[in-house]
Every structure is written in C-alpha cells, then in structure tokens.
Amino acid sequence: MSADTLRLTLMQARALAVRANPDLRAARLDVDIARGELRQAGLVLRFNPEADILTRGAGTELSLAQEFEIAGQRNARQRAAVADLDRSGASVTDVVRTTIGDVDRAFYRFFAADQRAVLAREILDLNQRLAEMSQRKLEAGEISKLDYNLVAIEYGRSRARTLATQRERDEVTAELRRLLGLEPRAPILAVMDSGSIVARLDDDSLAAFALERRPDLAERTAAVRAANAQVSVARREAMPNLLFRVSSERVEGSGSRELRPGLGFTLPAFNRNQGEVQARQAATLQAELARTSLSARVRVEVSRAAGSYRAAAAETDVLRTTVLAPARENRALLETAYREGKVGLPVLLLIRNQVIDSELEYWDAWLAEQVALADLVEATGETVVGFNPRPAP
C-alpha cells in the first residue's frame, strides 16, 4: 500500500460523496434556481413603467404609466415559489439518499472485490509452490505426468482467476472514485467499520419510518402545494390590474406645462387564463396521484429490501459459522499434507477447489447481504436524517 493511499470507512466515503459527488453538486443548484425564482416572485412592482412621448403641433406630450397588481397576485406567486423551494430542497435531499445508496453498494463491491483479489493471489502463490514441488517430484519419478498436468492446469486457472479478480477490482474502484469525486487514479483502501445502520427490521415500523423520512415523498408533497398555488396564480393573473397614469403637456398660449393624472384598469376581456387554470388544475391532480403512487411504492420497496436483507444475512451467517473456518483451516493444512505424502494430487486438488469455492461463496453471500442492507437503508431514507440541503445564504 502506497503512502498516499486514501483509507476510507463507509461513513467517510459517504461524507466525501456528499461534499464532492459531481451529480450532487449539480443537483444543489436547483435550490439556488428556486431561490432566484422566489426573489423574482417577491417583486412589489412586477411591471416596469411605460413612457410615451407624443408630438402635437409645436409641442410635445409626455406620458408615464405604471401597472399595479391589486388582486393578491404577488402573494400567490410567493406561495408557489416557497413551495417550489421546498420541493427543490427535498429533491436535493433525495439525490443525497440515492447517491449514498450508490456509494454504499460501490463501497461494499470494492471491499468484496479486494478480498477476492487477495484470495486469488494467495491461491496463485500456493499453486505456484505446488507446481514447483510437483516439477521436482516428476523429475524424481515420484508422480506421473498425468498428476503433474493436473497441477499445471490448476496453476494456469489460478493465474487467470487472479487477472479476472484484478479486472473486477479495477472496475469497481473506478466507479467508487467517480461517486466520491476523486481523481481517476487515486488509490483507495476500504476499511470496514463495525455497527449496523438499520437495527429495526419490523416491516411496519420500517415502512412508517420511511413514509415519514423519505425526501422524495416530501418532494411530492411540496409539488402538490406548488401546483395548488399555481392554480391560484393563474386565476388571480386573470383579474384586472390598476393603471396609474400621469401626462405632461404644454398649456396652449403659455410656456408652462400641465400635469394630468389618471387612473385606468386592464380589461381581461379576451384572455382570462381559462386554459392556464385548467392546465394547473390537471397538474395538481397529477401531483397528488404521483404522491399516492409513491407512498405505495415506498411500502413495497421497504418490505422487499427488508426481506432480502434477512435472507442474505441468514445465508452469510451459515457460511461464516459452518463453512468458512474449516475451509480456511484446510487451505493451511493442504500444502503440508501433500509435502508429507499424506494426500495424493487428485485429492489435494479436489479439496483445494472446494476450499476456494467455499471462500468465494462466502464473499458472494457477504456482498449480497451488504448490498441488501444498502438497499434497505436507501429505501427507509435513514441516511438523510438531519441533512440540510438549504443552508442559510
């Protein structure tokens, strides 16, 4: 391991991703966009003044007009913008939830790939020593060419397995670096920390927790509020606005000018926003149905993830308690037993393959358990508790 290798626990990987993940950094700009729209919605005077200059005879007439909203349009727009700001904040938090889920799965895959690569290298070393030993025994006439060929085949297979595990490790490392926003060649070492992230496995309590905490549900709720507010905006913008005018014209026969104030109203005679109101009402119904659908999907996701985690954890426990320890013990004893002539090559290779398969099965089961745990954590929204996507500007 090089001196510049980055040692990462799962929690450190999560924290790094929250700071540096490029997709999450882009998603955070949605909040800034919504803040700008809220600022625009809060303008007291939405319309700029209009100025006219009219020529008449030897003089000119100057006119200035300002339109004022008097039907609560500004308040309606502000309510819609605040709801959209809440929606964008929840959306960013949901990107955090799914990003952390991706990081968890990539972290576990990286750790498992690293362990498989270590195992492959150990088996390669053992098979290399076995091949050298078998070469000497073949030359001494102690084994047949058939037995030697069996060893040579296993040595070649172990070399291929080592290359395959290294390729797998490189692939998952590249994905983990991308998620963490690291340089393409930054060396990483995964360090497994102890502790279970989700201790409660009762489906009903997990589902209730998810329905309370999932940010995508909060996003849908805010989207309903925003859509409702947009209905109000569309209706109010169809109401008349007040026009205040003032004009200045030269008094005939004198050099002075006269100011003439006046009032007027916009007349929504042709465009009363009927289509816009209809569209906003349909969008509100769509948002409500989407929220209902998501609530049902959340329950299914939590139940499925919890069931998968239980099954995978049980499989891993069986392999760890009944298979892994004897397999590792046999791996340590095999070389000595062969050297001392207690087992023949066919038996040695049979047991060796059983040992390798057992350890690989364990790491496959371990990875399935950890991925199921990551799915469960993501489904419940556990990782985003306390996350604030909207720090004070």
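Residues numbered from 1 in each chain as written. Predicted model: local features only at pLDDT ≥ 70, side-chain atom pairs only at ≥ 80, totals over all residues. Heavy atoms only, no water.

1. Considering a nonpolar patch on the surface
Stage number 1. On the surface, Val44, Leu45, Phe68, Ile70, Phe244, Leu263, Phe265 and Leu267 cluster together into a nonpolar patch covering about 870 Å² of accessible area.
Stage number 2. Topologically, Phe244 is positioned in strand β5 (residues 242-250).
Stage number 3. Owing to a relative accessible area of 38%, Phe244 belongs among the partly exposed residues under this scheme. (Patch = residues over 30% accessible without salt bridge, like charges linked within 9 Å, V, L, I, M, F, W, Y side chains within 5 Å. Areas by Shrake-Rupley, 256 points an atom, 1.4 Å probe, with all protein chains shown as cover. Salt bridge = Lys/Arg side-chain N within 4 Å of Asp/Glu carboxyl O. Helix = DSSP H or I, 4+ residues; strand = E, 2+ residues; numbered from the N terminus. Buried < 20%, exposed > 50% of the residue type's maximum accessible area, 1.4 Å probe, protein only.)

2. Quick notes on unusual backbone geometry
Stage number 1. Its identity as a non-glycine residue notwithstanding, Asn273 has a phi of 60°, on the positive side.
Stage number 2. Following the sequence through the fold, Asn273 ends up in the loop between β6 (257-265) and α7 (274-339).
Stage number 3. What makes Asn273 buried here is its relative accessible area of 16%.

3. Describing the environment of Val233
Stage number 1. The topology assignment puts Val233 in helix α6 (residues 215-236).
Stage number 2. Sequence spacing of Val233 and Val277 is 44 residues, and the spatial spacing of their C-alpha atoms is 8.6 Å.
Stage number 3. When near neighbours in sequence (up to four residues on either side) are disregarded, Val233 contacts Ala76, Arg77 and Ala80. (Contact = heavy atoms within 4.5 Å.)

4. Description of the pattern of salt bridges
Stage number 1. Under the criterion given, the structure shown has 27 salt bridges.
Stage number 2. Here Arg260 ties to Glu61 by a salt bridge, and the two come within 3.6 Å at their closest N and O atoms. In this pair, Arg260 is assigned in strand β6 and Glu61 in strand β3 (residues 59-68), connecting sequence segments 199 residues apart.
Stage number 3. Notably, a salt bridge pairs Glu154 with Arg157, separated by 2.9 Å at the nearest N-O pair. On the criterion of helical spacing, the pair formed by Glu154 and Arg157 is a turn pair, its members being 3 residues apart in helix α4 (residues 145-180).
Stage number 4. A relative accessible area of 11% places Glu154 in the buried class.
Stage number 5. Overlapping salt bridges bring together Asp94, Arg97, Arg214, Asp216, Arg297 and Glu301 as one network.

5. Section: the packing of α4 against helix α8 (residues 345-380)
Stage number 1. Relative orientation of the contacting elements α4 and α8 amounts to 20°, with a least axis distance of 10 Å. Considering the angle they form, α4 stands roughly parallel to α8. As α4 packs across α8, the resulting crossing turns out to be left-handed. For the pair α4 and α8, the contacting residues are Asp147, Tyr148, Leu150, Val151, Glu154, Arg157 and Arg161 in the first and Leu345, Pro346, Leu349, Asn353, Ile356 and Leu360 in the second.
Stage number 2. Here the contact of α4 with α8 is built from residues that sort into 8 nonpolar, 1 polar and 4 charged. (Axes fitted to C-alpha atoms, helices over the stretch in contact; angles between N-to-C directions. Parallel < 35°, antiparallel > 145°, perpendicular 65-115°, else oblique. Left-handed = near helix turned anticlockwise from the far one by under 90°. Nonpolar A, V, L, I, M, F, W, Y, C, P; charged D, E, K, R; others polar.)

6. Observations regarding the nonpolar core
Stage number 1. Phe107, Tyr108, Leu180 and Trp366 are the most contacted members of the largest nonpolar core, which has 42 residues in total.
Stage number 2. Secondary structure elements with two or more residues in this core: α1 (10-20), α3 (73-139), α4, β4 (188-190), α5 (203-213), α7 and α8.
Stage number 3. Of all the elements, α8 adds the most residues to this core, at 12 residues.
Stage number 4. Leaving out residues up to four positions away in the same chain, Leu180 has contacts with Leu8, Ala13, Leu16, Ala17, Ala20 and Val103.
Stage number 5. Counting residues in each nonpolar core, the second largest holds 11 residues, with Ile143, Tyr148, Tyr338 and Leu348 among its members. (Core = buried A, V, L, I, M, F, W, Y, C linked by side-chain atoms within 4.5 Å.)

7. As for the side chain of Ser63
Stage number 1. On the secondary structure map, Ser63 appears in strand β3.
Stage number 2. With sequence-adjacent residues up to four places away left out, Ser63 is seen in contact with Glu50, Ala51, Asp52, Val246 and Ser247.

8. Focus on the packing of α3 against α6
Stage number 1. Packing of α3 against α6 brings their axes to within 8 Å, and their N-to-C directions diverge by 160°. It follows that α3 is roughly antiparallel to α6 by the angle criterion. Seen along the crossing, α3 lies across α6 with a hand that is left-handed.
Stage number 2. Residues that form the contact of α3 with α6 fall into these classes: 12 nonpolar, 5 polar and 11 charged.

9. Brief notes about the packing of aromatic side chains
Aromatic rings considered in pairs are described by the distance between their centres and by the relative angle of their planes.
Stage number 1. Tallying each qualifying case throughout the model produces 6 aromatic pairs.
Stage number 2. Pairing Tyr108 with Trp366 gives two aromatic rings, centres 6.1 Å apart and planes at 85°, and the pair type is edge-to-face. In this pair, Tyr108 is assigned in helix α3 and Trp366 in helix α8, connecting sequence segments 258 residues apart. Here the two residues Tyr108 and Trp366 agree in accessibility, since each one is buried.
Stage number 3. Their ring planes at 70° and their centres at 5.1 Å tell us that Tyr362 and Trp363 sit as a pair that is edge-to-face. The same class applies to Tyr362 and to Trp363, which are both buried.
Stage number 4. Ring pairing ties together the aromatic residues Phe107, Tyr108, Phe111, Tyr362, Trp363 and Trp366, which thus form one cluster. (Phe/Tyr/Trp six-rings, centres within 6.5 Å; stacked < 30°, edge-to-face > 60°.)

10. Let's talk about the environment of Leu367
Stage number 1. Position of Leu367 among the secondary structure elements: in helix α8.
Stage number 2. A sequence separation of 258 residues divides Leu367 from Arg109, and the C-alpha atoms of the two residues are 6.6 Å apart.
Stage number 3. In this structure Leu367 touches Tyr108, Arg109, Ala112 and Arg116, once residues within four positions along its chain are discounted.

11. Description of α1
Stage number 1. For α1, the complete set of buried residues consists of Leu10, Ala13, Arg14, Leu16, Ala17 and Val18.
Stage number 2. Taken together, the buried residues of α1 touch β1 (6-8), α2 (22-41), α3, α4 and α8.

12. Looking at the environment of Pro49
Stage number 1. Relative to the helices and strands, Pro49 is located in the loop between α2 and β2 (50-56).
Stage number 2. When the C-alpha atoms of Pro49 and Asp94 are compared, they prove to be 43 Å apart, with 45 residues separating the residues in sequence.
Stage number 3. Residues within four places of Pro49 in sequence aside, it is in contact with Leu64, Ala65 and Gln66.

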